[in-house]
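Residue-level listing of the chains:
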Amino acid sequence: MSNGKTQENLEASHTPAAVKQRIGSPPQHSYVGDAVLGGIDGCITTFAVVAGGVGAGFNPVVVAILGCANLVADGFSMAISNYQNAKSREEVIEKTRREEAHHIATVPEGEREEIRRIFKNKGFTGDILEKIVATITADENRWIDTMLVEEHGLPVSVPKPATAAFVTFAMFLLVGLVPLLPFFLTALPLVQAASASAVLTLCAFFTIGVLKGQAMQRPRLRAGIETLLTGGAAAGLAYAVGFLLSRAYGI
């Protein structure tokens, strides 16, 4: 039943009208990857701080304060890094566009030969090949877009840097708060707060991993378990460091 429904949806999305609408529309960038990766990093980073604080035997309030400070600082740092990454890719594309526009204006025949060679390598020959070359080079924007993709292996456009940074920061904060929730309940002893934090964090790890698997089109259960193990390893390492240092300094 599920396979039949999938087949129906696939066929419906490939009718001439559906294809025309999809291909004719500007590319829609997905920010799911930014959200998932921001959430994973936020949860792992914050719980590592929590585990280190618990290992050192800190007061729950101190753990909450350290966790919040780390959450905001690391979240902002990650958002800035993601912004710079997207901005750099955008600048590379714009720089390449300018270079290709200059080449077209300076050595148009050489650039036409590049288009001819690209499509000849794809198996086109004779009159069909010449028609393809003439059609592409008749529009400079289309010509440049083709060179971006075919010669340089670049996308025509990239996600907006500010949006990517905002999504990353928001999910970092949202999911990163999960390990800290029990520590805002000051009535809870440190051990109970740590246990509750661990349970909530493991659930968050697994959930984010499942979402990551869905976003990356990977087996969701496997992605959930992988993220769970990665987060657990980071938390265990932080706890061990905090515990050993606390014993070394007699805290």
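Parameters at a glance
Residues numbered from 1 in each chain as written. Predicted model: local features only at pLDDT ≥ 70, side-chain atom pairs only at ≥ 80, totals over all residues. Heavy atoms only, no water. Helix = DSSP H or I, 4+ residues; strand = E, 2+ residues; numbered from the N terminus. Buried < 20%, exposed > 50% of the residue type's maximum accessible area, 1.4 Å probe, protein only. Contact = heavy atoms within 4.5 Å. Areas by Shrake-Rupley, 256 points an atom, 1.4 Å probe, with all protein chains shown as cover. Expected span 1.5 Å × (residues − 1). Core = buried A, V, L, I, M, F, W, Y, C linked by side-chain atoms within 4.5 Å. Phe/Tyr/Trp six-rings, centres within 6.5 Å; stacked < 30°, edge-to-face > 60°. Patch = residues over 30% accessible without salt bridge, like charges linked within 9 Å, V, L, I, M, F, W, Y side chains within 5 Å. Salt bridge = Lys/Arg side-chain N within 4 Å of Asp/Glu carboxyl O. Polar contact = N/O pair within 3.5 Å; in protein donor to acceptor, adjacent residues only side chain to side chain. Axes fitted to C-alpha atoms, helices over the stretch in contact; angles between N-to-C directions. Parallel < 35°, antiparallel > 145°, perpendicular 65-115°, else oblique. Left-handed = near helix turned anticlockwise from the far one by under 90°. Nonpolar A, V, L, I, M, F, W, Y, C, P; charged D, E, K, R; others polar.

With that out of the way, let us pick up the overall build of the chain. For the chain, the helix and strand inventory stands at ten helices and zero strands. Sequence-ordered secondary structure for the chain, helices as α and strands as β, is α-α-α-α-α-α-α-α-α-α. Residue burial in the chain is summarised as follows: out of 251 residues, 33% are buried. Look at the contacts in the chain between residues 6 or more apart in sequence, and 71% of them connect residues 24 or more apart. With an accessible surface of roughly 14900 Å², the chain has 64% of that area assigned to carbon and sulfur atoms.

The end-to-end C-alpha distance of helix α3 (residues 32-55), which contains 24 residues, comes to 34 Å, matching closely the 34 Å that a straight helix rising 1.5 Å per residue would cover. The element α3 is largely enclosed, with a buried count of 18 among its 24 residues. At the exit of α3 stands G57, carrying a positive phi of roughly 80 degrees.

One finds I115, F119, I136, W143 and M147 to be the most contacted residues of the largest nonpolar core, which totals 14 residues. Those elements that provide at least two residues to this core are α4 (60-106), α5 (108-120), α6 (126-137) and α7 (140-150). Residues V50, V54, L180 and F183 belong to the second largest nonpolar core, which totals ten residues.

Okay, the packing of aromatic side chains next. A ring pair, where both rings are aromatic, is described by two values, the distance of the centres and the angle of the planes. Applying the stated criterion across every chain, the model contains two aromatic pairs. With 6.4 Å between their ring centres and 85 degrees between their planes, F76 and F169 make a pair best called edge-to-face. One end of the pair, F76, is in helix α4; the other, F169, is in helix α8 (residues 161-176), and 93 residues separate them in sequence. Judged by relative accessible area, F169 falls into the partly exposed class, the value being 24%. Where F119 meets F124, the ring centres are 6.3 Å apart and the plane angle is 55 degrees; that geometry is what we call tilted. Taking the relative accessible area as the measure of exposure, F119 reaches 12% and is therefore buried.

This part covers a nonpolar patch on the surface. On the surface, a nonpolar cluster with roughly 330 Å² of combined accessible area is contributed by L177, L181, F184 and L200. Secondary-structure assignment places L200 in helix α9 (residues 190-215).

Bringing the pattern of salt bridges into the picture now. Applying the stated criterion across every chain, the model contains nine salt bridges. Linking E90 and K87 is a salt bridge whose minimum nitrogen-to-oxygen distance equals 3.5 Å. With E90 and K87 both in helix α4 and three residues apart, this pair spans about one turn of that helix. A relative accessible area of 26% places E90 in the partly exposed class. For K87, a relative accessible area of 27% corresponds to the partly exposed category. The closest approach of N and O atoms between E150 and K122, which form a salt bridge, is 3.3 Å. Of this pair, E150 sits in helix α7 while K122 sits in the loop between α5 and α6, placing them 28 residues apart in sequence. Overall, K122 belongs to the partly exposed group, its relative accessible area being 46%.

What follows deals with α7. For an α-helix the count is 3.6 residues per turn, leaving residues at separations of three or four pointing the same way. Every buried residue of α7 is listed here: W143, I144, T146, M147 and L148. The inward-facing, buried residues of α7 contact α4, α5 and α6. With a side-chain oxygen lying 3.0 Å from the backbone nitrogen of N141, the N-terminal cap of α7 falls on D139.

Where α4 contacts α8, the two axes come as close as 8 Å, and the packing angle between them is 155 degrees. The angle between α4 and α8 falls in the class roughly antiparallel. With respect to the hand of their crossing, α4 and α8 are arranged in right-handed fashion. Residues L71, V72, D74, G75, F76, M78, A79, N82, Y83, A86, K87 and E90 of α4 pack against P161, A162, A164, A165, T168, F169, F172, L173 and G176 of α8. Looking at the contact of α4 with α8 residue by residue, the class counts come to 14 nonpolar, four polar and three charged.

In this section: the packing of α5 against α7. At a closest axis distance of 11 Å, the pairing of α5 and α7 adopts a crossing angle of 55 degrees. Classed by the angle they form, the pair α5 and α7 counts as oblique. Relative to α7, α5 is oriented so that their crossing is left-handed. Between α5, through P108, E111, R112, E114, I115, I118 and F119, and α7, the contact on the second element is made entirely by W143, T146, M147 and E150. Residue composition of the contact of α5 with α7, by class: six nonpolar, one polar and four charged.

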